[in-house]
Amino acid sequence: MATVQTPLHSAPPGEGHRVVPAQPSGPVLPANANAGTNGQAVVLPGGPARTGLRRRVAAWLRRTPGLLLLFTAGLVALGLAAGATGIAAVRQRSDLVGGVAAGNGPLVVAAQDLYRALSDADATVASAFLLGGTEPPALRTRYQQDLAAASDALVRLAAGVTAEAADAPLRQISANLPVYAGIIETARALNRQQLPLGAAYLREASALMRDALLPAAQRLYTAVSVQLKDARDDASAAPWLALPLLLLALIGLLAVQVFLVRRTNRVFNLGLVAATAAALVAVLWLGIAWVGAAGHLDASRDEGSAQVDVFTEARIAALQARGDESLTLVARGAGAAFEKRFAETMNRLAGENGNGGLLADARAKATDAAGRAAADAAIADVKAWRDLHKRIRELDDSGQYPEAVKLAVGTDDAGAGGIFNRVDEHLAQGLRHGGDMFDREVASAGDGFGGVAGGLGFLTALILIGVVVGMAQRVMEYR
């Protein structure tokens, strides 16, 4: 069999002989491809086409038109974020201020009404017992009105209070108030029969009031006061997200205009100037609205809540002193403990010399003439009450019990009842005045946010329009 000789390829002249590598059989694969299972070429992603596109995009963005479009997108996104957060912040704080005015403030008033009604009920029923038999209709009506006011305040508090610290006091008062009223009715029935046991039931009811109901009412008042403070702090908090974003948008607008001046030698761009002015107005408007609202909320505390708190405490102290004065006489010679408590309460109310205590504190915290006048009038009447109380004790200690009772329950200017009523009215005037100041300042805080949300929306639209129109003019110049 003949052997077939494969001819040798001759090398090009001058290069000598070289080995020519054998070419692989099958299709030639590109650098970024693998052979498939069937031998076909499979092109992997991210090849030269995509790499080239990225390079072209990067190169285009480095040119002025690309930079301008990039700045436009950034300013539009920043303007939208700043405007949206500003509007949300204003609406949130406006709702919080409304909650202070319509929710937390009335809850504090309800807690004050509850404490005052309980104290007044105890003092009133003690005064009624001094007269023996059937108490005067006026005192009976006042006692019943106090119980109704306490029940109404409990309903308002149970419906609106959210602090966990208020749950236990609410349950305690709700459970013990009917018990107190039942003991009082038993004492009244025995007192109408001229039985001494009625006084014992009265002392038991008063102990329940002093040891359980009033401390629970105090804890409840503290809980809703803390709730009011927290709500007021939230309402006056700075819009920490909205203001920085608006300032950042303003700085971005200024920076882009500086870039355009250097790149294009154009000093002004009307669209960007309008957007910058709108951003500046938005920053100032939101900042001024927040500062004004925070100032009014602070004033609602200093000129309102602070006065209300001390006048309320002084009024309750006066009511407790009045109850102790009556219980001392009801005890008929065994009321040393009530007399001691009367002296301690009076010292807390007006100080040992009559010029200190809660009343002096109320006068110091009064921020206007009306508040100081109410405190001054109460101080003068408490001094007169103390002098009259000494006379009552002298009559009782000397065996002139009927005369002492008559002087204690008298509602004219010469009786302790009349002087106490004047003290109570002066303190109520100071309390109402502080409440009016609170309502007025909180309303002013709410008015400070009025129209701000709509204004920020309008200014945000101006920013966006100004950015798009102003930047579009410069981009079009490069076509």
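Just above, that's the structure.
Residues numbered from 1 in each chain as written. Predicted model: local features only at pLDDT ≥ 70, side-chain atom pairs only at ≥ 80, totals over all residues. Heavy atoms only, no water.

J.: With reference to specific residues and values, describe the overall build of the chain.
T.: Along the backbone of the chain there are 13 helices and 2 strands. Out of the 479 residues in the chain, the part that is buried amounts to 47%. Of the roughly 24,300 Å² of accessible surface on the chain, a fraction of 61% belongs to carbon and sulfur atoms. (Helix = DSSP H or I, 4+ residues; strand = E, 2+ residues; numbered from the N terminus. Buried < 20%, exposed > 50% of the residue type's maximum accessible area, 1.4 Å probe, protein only. Areas by Shrake-Rupley, 256 points an atom, 1.4 Å probe, with all protein chains shown as cover.)

J.: Quick one: what's the story with unusual backbone geometry, residue by residue and with numbers?
T.: One non-glycine residue with positive phi stands out, namely Gln194, at about 60 degrees. Along the chain, Gln194 turns up in the loop between helix H4 (167-192) and helix H5 (197-236). For Gln194, a relative accessible area of 56% translates into the label exposed.

J.: Quick one: what's the story with the layout of surface pockets, residue by residue and with numbers?
T.: Here the largest pocket defines a volume of roughly 450 Å³. Surrounding the largest pocket, 26 residues form its lining, Val108, Gln112, Ser305, Val308 and Asp309 being those nearest its centre. Listed by contribution, the elements that provide at least two residues to the lining of the largest pocket are helix H2 (64-130), H5, helix H7 (270-330), helix H9 (357-365) and helix H12 (416-448). When the residues that make up the lining of the largest pocket are grouped by side-chain class, the tally is 10 nonpolar, 5 polar and 11 charged. If you add up the space inside the second largest pocket, you get close to 300 Å³. Along its surface, the second largest pocket is lined by Phe129, Leu130, Leu131, Gly132, Asn191, Gln194, Leu195, Pro196, Ala199, Val330, Arg332 and Tyr401. For the lining of the second largest pocket, the residue count by class is 8 nonpolar, 3 polar and 1 charged. (1 Å grid on protein atoms, 1.4 Å probe; cavity = no way out; pocket = protein on both sides within 12 Å on 5 of 7 lines; lining within 4 Å. Points joined across faces, edges and corners; volume = space filled by probe spheres on them. Nonpolar A, V, L, I, M, F, W, Y, C, P; charged D, E, K, R; others polar.)

J.: Now, about the packing of aromatic side chains: what can you tell me, with residues and values included?
T.: Within the structure shown, the criterion is met by 3 aromatic pairs. An angle of 85 degrees between the planes, with centres 5.2 Å apart, marks the rings of Phe71 and Phe259 as edge-to-face. Residue Phe71 is found in helix H2, and its partner Phe259 is found in helix H6 (residues 242-264); the two are separated by 188 residues along the sequence. A ring pair is formed by Phe342 and Trp385, whose centres lie 6.1 Å apart and whose planes are at 70 degrees; its orientation type is edge-to-face. Separated by 43 residues along the polypeptide, Phe342 in helix H8 (residues 336-350) and Trp385 in helix H10 (residues 369-397) bring together distant segments of the chain. Across this residue pair, the class does not change: Phe342 and Trp385 are buried. Aromatic rings pair up to connect Phe342, Trp385 and Phe420 into one cluster. (Phe/Tyr/Trp six-rings, centres within 6.5 Å; stacked < 30°, edge-to-face > 60°.)

J.: How would you summarise a nonpolar patch on the surface if you had to cite specific residues and measurements?
T.: On the surface, a nonpolar cluster with roughly 300 Å² of combined accessible area is contributed by Leu280, Leu284 and Ile288. As for its placement among the helices and strands, Leu284 is situated in helix H7. (Patch = residues over 30% accessible without salt bridge, like charges linked within 9 Å, V, L, I, M, F, W, Y side chains within 5 Å. Salt bridge = Lys/Arg side-chain N within 4 Å of Asp/Glu carboxyl O.)

J.: Give a detailed account of the environment of Leu459, specifying residues and quantitative values.
T.: Inspection of the secondary structure puts Leu459 in helix H13 (residues 452-476). On the basis of relative accessibility, which here comes to 8%, the residue Leu459 falls in the buried class. The spacing of Leu459 and Leu280 is 179 residues in sequence and 9.5 Å in space, taken between C-alpha atoms.

J.: Now, about the packing of H2 against H13: what can you tell me, with residues and values included?
T.: Where H2 contacts H13, the two axes come as close as 9 Å, and the packing angle between them is 180 degrees. Here H2 is positioned roughly antiparallel relative to H13, judged by the angle of their axes. Grouping the amino acids of the contact of H2 with H13 by side-chain chemistry returns 17 nonpolar, 6 polar and 2 charged. (Axes fitted to C-alpha atoms, helices over the stretch in contact; angles between N-to-C directions. Parallel < 35°, antiparallel > 145°, perpendicular 65-115°, else oblique.)

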